[in-house]
Amino acid sequence: GNGMPVAFIIGITNTSLATVDSIKLVDTLSIQVSYTSEDHSQAPSLAFSQNGQVLAWAGNQSLSPSQTVSVTVYGVTNLCFNGNVSNTAWVFVSNACTSAQNADEASFPLSAVPVTITVNKIVTPVNPLPGEQVNYRIDISNSSVATITSLKVVDTLSAFFTFSGEDHSSAP
């Protein structure tokens, strides 16, 4: 879902018959995911670096044939995006004799979080007499997980009423 934590686990498996002694992994996060942290404890010889949405790990990490190591990227999804989020990781490996590279992609659908508000209008007194002052209180509450950044309240009075003032001191 949107605004929710997401984790990408990137596994690197040596499918050759030779031992790898150098690894460079590059992962460019989609702009729909905000980076929060990473874990490369399975590949401690790799140094982590970040430049915006580009994450990289590089170093002299030994990887025997059929051995797998992984790194995990943690993030939070964008609240206002509808569509497919893709994440591609590239790995470059080498040893004294040769080098290789490969890439893999993971994707998932994402839907924008709907904003849900509740509006409650209260009148006092409930049964006013002609000429008596009437007070309306309008309560608005946000019942969604999304933050509302803009709110406009419009209240049209009946032709039988004359506007005499407002108090919005309880509004943030």
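The rules we used
- Residues numbered from 1 in each chain as written.
- Predicted model: local features only at pLDDT ≥ 70, side-chain atom pairs only at ≥ 80, totals over all residues.
- Heavy atoms only, no water.
- Salt bridge = Lys/Arg side-chain N within 4 Å of Asp/Glu carboxyl O.
- Pairing = 2+ DSSP bridges.
- Helix = DSSP H or I, 4+ residues; strand = E, 2+ residues; numbered from the N terminus.
- Axes fitted to C-alpha atoms, helices over the stretch in contact; angles between N-to-C directions.

Notes on the pattern of salt bridges
Applying the stated criterion to the full structure yields 2 salt bridges. Two residues, Asp139 and Arg137, come together in a salt bridge whose shortest N-O distance is 2.8 Å.

Quick word on the sheet that holds strand 2 (residues 22–28)
Within the open sheet, the 5 strands sit side by side as 4-5-2-7-8. Their pairing is antiparallel. In this open sheet, the two strands that pair with only one neighbour each are strand 4 (47–51) and strand 8 (99–110). Across the sheet, the axes of successive neighbouring strands diverge by a mean angle of 15 degrees, strand direction being ignored. Here 6 bridges tie strand 2 to strand 5 (residues 54–59), and the two strands are oriented antiparallel to one another.

Description of the sheet that holds strand 1 (residues 5–13)
Strands sit in the order 1-6-3 across an open sheet of 3 strands; the sheet is antiparallel. What marks the edges here is a single partner per strand, and that holds for strand 1 and strand 3 (33–39). Shown here is a sheet whose adjacent strand axes are inclined to one another by a mean of 25 degrees, direction ignored.

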